[in-house]
Amino acid sequence: MRKLVKKVSGVQIPIKPLEINVFYWKVKEGHEGDFAIGGDFPTFSSHGGLHVFGTPSLEYPGLVKVVVEAGDTCDPDKREWGPGAKVEELKEWIKKSFNGFVEWREPVMKQACMYSMTPDHDYVVDFLGGHFGKDVVVGGGFSGHGFKMAPVIGRVLAELAVDGVPSGQIDIKPFGIGRFNNSPK
Ligand SMILES: Cc1cc2nc3c(=O)[nH]c(=O)nc-3n(C[C@H](O)[C@H](O)[C@H](O)COP(=O)(O)OP(=O)(O)OC[C@H]3O[C@@H](n4cnc5c(N)ncnc54)[C@H](O)[C@@H]3O)c2cc1C
């Protein structure tokens, strides 16, 4: 988004792409049920020294998703597909936190994806402005938490494009494209 917006309009949005690695870990034999969805194991987010989140086993039976909320800066067009940030710390965290019921030495599976981080971790939802005025609508920079808002963001973007204003009580000012102009960090 940063490159596209800059190319078409010259506007610089200080979005930082981060490569985030999602890991799945093997639950030790006999304990699969303890970590399965529908049981007691929660979806969790742990904000101690290391920010770790995870979900019960669902998409891959016998594997549990445990991820560290940290990434390396990347160029989306020349991805390095690195090992992931703070993986060794994550292993120690799993070892310490799951009473030995999860194989912590190596993950079974890794999925590399990206966050597009804005400086305040909030979205950019606005008209492009400048030469383009209200003819172009921009939505992006969802900073790792855009999925849950997809229905309302989709509606707002469509209404901005068609009607020029969002319906209801939605105030999009906090998501303005120009809010970083005087304070890009
Ligand atoms: C590991 C991880 C965990 C996450 N967890 C959560 C969570 O728990 N809750 C939450 O709310 N959000 C979460 N998110 C964030 C959420 O997934 C994103 O904020 C959201 O998907 C962004 O939506 P988007 O439509 O802007 O971008 P994307 O979903 O990235 O969609 C962009 C689309 O554009 C396409 N595209 C790219 N370039 C081009 C091109 N040149 N031409 C045509 N098409 C192109 C891509 O293929 C893609 O389909 C998570 C993200 C990651 C990576």
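Residues numbered from 1 in each chain as written. Predicted model: local features only at pLDDT ≥ 70, side-chain atom pairs only at ≥ 80, totals over all residues. Heavy atoms only, no water.

J.: Where do I start with the site of the ligand in this structure?
T.: Around the ligand lies a shell formed by V22, C113, M114, Y115, F142, G144, H145, G146, F147 and K148. F147 is positioned such that a nitrogen or oxygen atom in its backbone is 3.0 Å from an oxygen atom of the ligand. Isolated, the ligand exposes 1,000 Å² of accessible area, and the fraction of that covered by the protein chains is 35%. Ranked by residues supplied to the shell around the ligand, first place goes to strand β6 (residues 109-117) with three residues. Of the residues belonging to the shell around the ligand, the class tally is six nonpolar, three polar and one charged. A domain split of the shell around the ligand shows at least three residues from each of domain 1 (19-116) and domain 2 (120-175). (Near = heavy atom within 4 Å. Polar contact = N/O pair within 3.5 Å; in protein donor to acceptor, adjacent residues only side chain to side chain. Areas by Shrake-Rupley, 256 points an atom, 1.4 Å probe, with all protein chains shown as cover. Helix = DSSP H or I, 4+ residues; strand = E, 2+ residues; numbered from the N terminus. Nonpolar A, V, L, I, M, F, W, Y, C, P; charged D, E, K, R; others polar. Domains from an automatic or database assignment.)

J.: What is the right way to look at the pairing of strand β8 (residues 137-140) in this model?
T.: Across a regular strand the side chains alternate sides, sitting on one face of the sheet and then on the other. Burial along β8 is one-sided: V138 and G140 are buried, while V137 and G139, pointing the other way, are not. Sheet analysis places strand β7 (residues 124-127) next to β8, joined by four bridges and oriented antiparallel. What sits directly across from F127, in β8, is V137. (Buried < 20%, exposed > 50% of the residue type's maximum accessible area, 1.4 Å probe, protein only. Pairing = 2+ DSSP bridges.)

J.: Would you mind going over helix α2 (residues 87-97) with me for this structure?
T.: Given 3.6 residues to a turn, an α-helix orients residues that are three or four positions apart in the same direction. Turning to α2, its buried residues are V87, L90, K91, W93 and I94. All buried residues of α2 lie within an arc of 160 degrees about the axis, which places them on one face of the element. Residues of α2 that are exposed and point more than 90 degrees away from the buried face comprise E88 and K96. Looking at the buried side of α2, the elements it contacts are β1 (16-26), β2 (44-47), β3 (51-55) and β4 (63-68). Positive phi shows up at N99, right after α2, with a value of about 50 degrees. (Arc of directions from axis to C-beta. Contact = heavy atoms within 4.5 Å.)

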